[in-house]
Structure formats: C-alpha cells, structure tokens
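Read off the chains here:
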Amino acid sequence: MRILLVEDEQKVARLIAQGLGKEGFEVDTASDGQAGLQSALGNAYDLLIVDLMLPKLTGSELIKQLRKSNGDLPIVVLTARDSLTDKLSNFEAGADDYLTKPFALAELLVRIKALLRRGASNRSNILRIADLEIDRVAHQVKRQATPIKLTSKEYGLLEYLASNAGRVLSRSMIVEHVWDQSFEGFTNIVDVYVRQLRAKIDEPFEVRLIQTVRNVGYTLVDPATA
Ligand code: CA
C-alpha cells in the first residue's frame, strides 16, 4: 500500500514516514501543498495524509482540487487546529478523517487501516495468486492457508510483485518502488530480498511462483495460468 504524506514540518514527516514504513507501508512525502497536489495527481496512491497549514497551497485547497478528479482516494487530515468549524469545512472539502496534533502514531495507524478497509468494496484488498493469499490491509500472507511471517520489506516486495502478477519487473523498478529510492549499484539488494522471500513463500511449497527473468528482473506468476 502506497501512501502520500504532505507535511511541511520535517521532523513530523520523518516520524510518520518511519512509523508507517515499519508497518510495511510505502510512504512518499511532499513538503508543500503544490508539490503534494502534483504527486497526488500523478501517482496511484492508496491513501493521502495531509497537513492543513502548508506553504504554497493549503491542505484544504489541495483536497478541494484533488477531489475534482479523484473522489475515491481516502484522505486523513492532520492539523494543530481543533475548532469545530475547521473540522466541518474540511469534511465538506472531502476529507475522510481528521487527527489533531499532537497525536499518537498508533492512532493514526488505526485510522488509516480503518479507511483502507472501508475502501475494500471498491478495490480488492485480498490478492490471490494460485494458493498464495495477501491481505493488503492486514498485511497478512498465507500459502495453502498457512500464515507466513514476513518482514516489512519482504512484504513490500511480495505485494509489489503480486499486484503486478505476470508482469516482469526490473531490479531498478523494484528498488524505486519498494525502497522509495533510485540508487545505482544498490539493485543487488533486490536479489538478496528475493532470495529471502523465496525461502519463505516458495521453497516450502510445491509450486514456485517467483520466477527469475534473466538479465531483466523478476516476475511473480501462477505457472498454471502462464
Ligand atoms: Ca504545517
């Protein structure tokens, strides 16, 4: 699940991004309203977290403009303001939830998960490939109904491969998506993580789902349908 966080206070942004990262979410950040709106319009996010007091474009303006073209994206507003009028005007603008600073990361997490679950009717939150089952909200993985415990990066890698099942993903695409970075020479880490992931989700089972595509990268595919 990919989340966009628009927050101009670097320290707060870093704390939230780290906290959500630990839970296996991929978090992109933008530090002003204009940049946030551009990112939100140009990428497919599963959820937006937005501060209200932002340089260039306020959080409320961002939400209003974004809602013209994207009515489904779950939006959580973060703000130091706690007056009722502010809350109401933001719900009118199209926010789905509201959190007043200071807040506990655990509370933000609970609300995010609730919003993502609520959106489950529009989008399938369970990915199934052969006997592999991935719950994108609970971040739970099963094969042949056996729960498999993954680290957050292993989970992120698996979810990326599975949501693009049948498509070949290059090492640099994987690094950019799962690590939110584009660094040269770091693509070896993908091989390391694929090896770890295979040991957990493929090797104990009869059918191998993760395939190496020589000189290109990897693909996850159900051999029965390939
Ligand atoms: Ca702010």
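Calculation rules
Residues numbered from 1 in each chain as written. Predicted model: local features only at pLDDT ≥ 70, side-chain atom pairs only at ≥ 80, totals over all residues. Heavy atoms only, no water. Helix = DSSP H or I, 4+ residues; strand = E, 2+ residues; numbered from the N terminus. Expected span 1.5 Å × (residues − 1). Contact = heavy atoms within 4.5 Å. Donors = N, O, S within 2.8 Å, 3.2 Å for Na, K, Ca; no water. Buried < 20%, exposed > 50% of the residue type's maximum accessible area, 1.4 Å probe, protein only. Axes fitted to C-alpha atoms, helices over the stretch in contact; angles between N-to-C directions. Parallel < 35°, antiparallel > 145°, perpendicular 65-115°, else oblique. Left-handed = near helix turned anticlockwise from the far one by under 90°. Nonpolar A, V, L, I, M, F, W, Y, C, P; charged D, E, K, R; others polar. Salt bridge = Lys/Arg side-chain N within 4 Å of Asp/Glu carboxyl O.

1. Remarks on helix α5 (residues 105–118)
- With 14 residues, α5 should reach 20 Å at 1.5 Å per residue; the first-to-last C-alpha distance of 20 Å fits that figure.
- As for α5, its buried residues are in contact with β1 (2–6), α1 (10–22), β3 (47–51), β4 (75–79) and β5 (97–100).

2. Some remarks on the coordination of the calcium ion
- Surrounding the calcium ion are the protein donor atoms D8 (OD), D51 (OD) and M53 (O), at 2.1 to 2.3 Å.
- Under the relative-accessibility criterion, D8 is labelled partly exposed at 30%.

3. Points about the packing of helix α6 (residues 152–163) against helix α7 (residues 171–178)
- Remark: α6 packs on α7, axes separated minimally by 10 Å, with the N-to-C direction vectors making an angle of 125°. Relative to α7, the element α6 is oriented oblique. The two elements α6 and α7 meet at a crossing, and its hand is right-handed. On the side of α6, the interface is formed by K153, G156, L157 and Y160, while α7 contributes M173, I174, H177 and V178.
- Of the residues contributing to the contact of α6 with α7, the split by class is five nonpolar, two polar and one charged.

4. Here's the deal with the pattern of salt bridges
- Under the criterion given, the structure shown has 16 salt bridges.
- With its nearest N and O atoms 2.8 Å apart, the salt bridge here joins R111 to D97. Placement of the pair is R111 in helix α5 and D97 in strand β5, with a sequence separation of 14 residues.
- The partner of R171 in a salt bridge is D191, with the nearest N and O atoms 2.8 Å apart. Note that R171 is positioned in helix α7 and D191 in helix α8 (residues 188–201), a separation of 20 residues in sequence.
- A residue is classified by how much of its surface remains accessible, and R171, at 22% relative accessible area, is partly exposed.
- For D191, a relative accessible area of 18% gives the class buried.
- Salt bridges sharing partners connect three or more residues here, namely E7, E9, D51 and K101.

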